[in-house]
Amino acid sequence: MNEEVKKLADRLIAEHSLTEEGYEQLIRERDEEAAACLAEAAVNVRRRIYGNKVYVRGLIEIGNICKNDCLYCGIRRSNRNCERYRLTGDEIVSCAEEGYRLGFRTFVLQGGELPADTDEILCALVRRLKEAHPDCAVTLSLGERSRESYQKLREAGADRYLLRHETADPEHYKMLHPTEMSFENRMRCLRDLKDLGYQTGCGFMVGSPYQTPAHLAKDLKFIETFRPEMCGIGPFIPHHETPFAKEPAGSVELTCYLLSIIRLMLPNVLLPATTALGTMHQRGRELGILSGANVLMPNLSPVSVRKQYELYDNKICTGEESAQCIRCLESRINAIGYELSMERGDFRKEA
Ligand code: 5AD
Ligand code: FES
């Protein structure tokens, strides 16, 4: 690693912060040695706070009907060849039931963006889940909604919300989204979520079309200052029915490098090794954990709909039952010296 990169790495490790230019240089001039150095420091920091525990969250993909048209996403409304579905309340509750029996204590309800008039249905669902399992955390990942809607859902009992910012550069944001979506509204949503007391997750795709190291440096600076409790990053993977079908996928190597940087910036952050990372590399999720990630989000959706929730091509685990995935993950994680934890695994403010 060159001397400048060594200095930046040392500063990041000591101060948990760099200038935006510093982040950019750390990305541009990275090499294997720099990656190994940051990964080692990231793993040490994570071990000090969370030991060798990797938290599991049960992901329930509640529907793929979406009013949005993000250019990268396989369930965008313009995709006529996407077979749409919506799970009923009973189906969602029984997925959570099965998850609970398997030991899950956090459920993530993820789905396409629904119309604004769905507050009552969603609140009733959250209430039902919290009544059935008061010991479980309910996380929502349902896209942009009004502040009032976020507030009602919070009052219904939702604990956490995941909304990736996607890119911290307004111009880049426009290249990834249709004109009716705006960077400003995305940021408004994230501020509202935090303000309403949600444990909040932001994040972005690595290698999304037109992305440069300068954009990534902005993403890192945004994450450093926003201080989310959770942060989801994974490689961009093209979906054949989108305008980005022919774009190259993001790299596992850069994703892992950024995971290490994010761990060093925010030592306590809950950081998943994503399904997209597992899709790009046979051992992608293990590599993510070994770079500083500490969360896995196996799928609890009914196997019958899993192939329909296709944000990108070749998504893994669409044929496996929830119990199979948990066994598979357990042996993978144990093999690299970590333990799965099924606890709620809330954000820890103190080290
Ligand atoms: N490749 C990788 N990730 C994607 N997402 C959406 N489409 C893709 C894709 N083609 C991510 C977005 C979104 C999250 C739910 O999935 O970042 O916020
Ligand atoms: Fe699903 Fe390995 S985690 S099959």
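Our subject in this report is the structure included herewith. Within every chain, residues take consecutive numbers counted from 1 along the sequence as written. Chains and ligands are labelled sequentially in the order written, the chains with letters from A and the ligands with numbers from 1. Given that this is a predicted model, residues contribute local features only at a pLDDT of at least 70 and side-chain atom pairs are listed and counted only at 80 or more, while totals for whole chains, interfaces and linings are drawn from all residues. Heavy atoms throughout the structure, all of them, feed into the side-chain values; hydrogens and water do not.

What about the side chain of arginine 306?
Here a helix means four or more residues in a row that DSSP labels H or I, a strand means two or more in a row labelled E, and each is numbered from the N terminus. Note that arginine 306 resides in helix H13 (residues 303-306). Buried charge without a salt bridge: arginine 306, with glutamate 321 as the nearest opposite-charge side chain at an N-O distance of 5.5 Å. A polar atom in the side chain of arginine 306 sits 3.1 Å from the backbone oxygen of asparagine 299. Every residue pair with non-hydrogen atoms within 4.5 Å of one another is taken to be in contact. Among residues more than four places away in sequence, those in contact with arginine 306 are Asn299, Leu300, Ser301, Lys315, Cys317, Thr318, Glu320, Glu321, Ser322 and Cys325. Working definition: with a 1.4 Å probe on protein chains only, accessible area under 20% of the residue-type maximum means buried, over 50% means exposed, and in between means partly exposed. When charges are counted, neither His nor the chain ends are considered; positive counts come from Lys and Arg and negative counts from Asp and Glu. One side-chain nitrogen of Lys or Arg within 4 Å of one carboxyl oxygen of Asp or Glu is enough to make a salt bridge. Any pair of N or O atoms that falls within 3.5 Å is considered a polar contact. Within protein, one atom must be able to donate a hydrogen and the other to accept it, and sequence-neighbouring residues count only if both atoms are side-chain atoms.

Points about the layout of surface pockets
The definitions used throughout rest on a 1 Å grid laid over the protein atoms alone, on which a cavity is an enclosed set of points accommodating a 1.4 Å probe that cannot get out and a pocket is an open set flanked by protein within 12 Å on both sides along at least five of seven lines; lining residues are those having an atom within 4 Å of a point. Grid points are joined across faces, edges and corners, and a volume is the space filled by probe spheres set on the points. Its volume calculated, the largest pocket comes out at about 230 Å³. Taken together, 19 residues line the largest pocket, and the ones lying closest to its centre are Arg86, Leu87, Ile92, Ile121 and Leu122. Looking at the lining of the largest pocket, the elements with two or more residues in it are strand S2 (58-63), helix H4 (89-102) and helix H5 (119-132). Residue contributions to the lining of the largest pocket peak at five residues, all from H5. Under the scheme applied here, ten amino acids are nonpolar (Ala, Val, Leu, Ile, Met, Phe, Trp, Tyr, Cys and Pro), four are charged (Asp, Glu, Lys and Arg), and all others, including Gly, are polar. Looking at the lining of the largest pocket residue by residue, the classes come out as ten nonpolar, seven polar and two charged.

Regarding the packing of aromatic side chains
Two rings from Phe, Tyr or Trp (for Trp, the six-membered ring) form a pair when their centres are within 6.5 Å of each other. A pair whose planes differ by under 30 degrees is stacked, one over 60 is edge-to-face, and the rest are tilted. A full pass over the atoms with the stated rule returns seven aromatic pairs. Considering the side-chain rings of tyrosine 50 and tyrosine 55, the 5.7 Å spacing of their centres and the 80 degrees angle between planes classify their relative orientation as edge-to-face. For the pair shown, tyrosine 50 and tyrosine 55 are each scored as buried. When the ring of phenylalanine 222 is compared with that of phenylalanine 226, the centres are 5.3 Å apart and the planes differ by 15 degrees; the resulting orientation is stacked. Highlighted residues: phenylalanine 222 and phenylalanine 226, both in helix H9 (residues 213-226), separated by four residues, approximately one helical turn. One aromatic cluster is present, formed by Tyr150, Tyr161 and Tyr198 through successive ring pairs. If you follow arginine 154 out to its NZ or CZ, it ends over the ring of tyrosine 198, 5.6 Å from the centre. We call a charge positioned above a ring when the Lys NZ or Arg CZ atom is no farther than 6 Å from the ring centre and deviates by at most 35 degrees from the ring normal. The ring of phenylalanine 226 carries lysine 194 above its face, with NZ or CZ at 4.5 Å from the centroid.

Observations concerning the site of ligand 1
Put simply, a residue is near a molecule or strand once any heavy atom of it comes within 4 Å of that molecule or strand. In the region of ligand 1, the neighbouring residues are Tyr72, Cys73, Gln110, Arg164, Glu166, Met205, Pro235, Phe236, Ile237, Leu311 and Tyr312. Within the backbone of tyrosine 72, a nitrogen or oxygen atom sits 3.0 Å from a nitrogen atom of ligand 1. Here an oxygen atom of ligand 1 sits 3.0 Å away from a polar atom, N or O, in the side chain of arginine 164. Note that accessible areas follow from Shrake-Rupley with a 1.4 Å probe, and for residues the cover is restricted to the protein chains shown. Alone, ligand 1 offers 410 Å² of accessible surface; in the complex the protein occludes 88% of this.

Focus on the side chain of histidine 172
One can find histidine 172 in helix H7 (residues 170-176). The class of histidine 172 is buried, set by a relative accessible area of 1%.

Describing the nonpolar core
Judged by nonpolar contacts, the single largest core of 112 residues is most densely connected at Ile60, Leu258, Ile261 and Ile262. Of the residues forming this core, the biggest block, ten residues, is contributed by helix H10 (residues 252-265). Working definition of a nonpolar core: buried Ala, Val, Leu, Ile, Met, Phe, Trp, Tyr and Cys residues. They are joined through side-chain atoms within 4.5 Å.

Description of unusual backbone geometry
Positive phi, close to 75 degrees, is recorded for glutamate 166, a residue that is not glycine. The residue glutamate 166 is located in the loop between strand S5 (160-162) and H7 in this model. Phi is positive for tyrosine 210, close to 70 degrees, though the residue is something other than glycine. Position of tyrosine 210 among the secondary structure elements: in the loop between strand S6 (199-206) and H9. Judged by its relative accessible area of 48%, tyrosine 210 falls in the partly exposed class.

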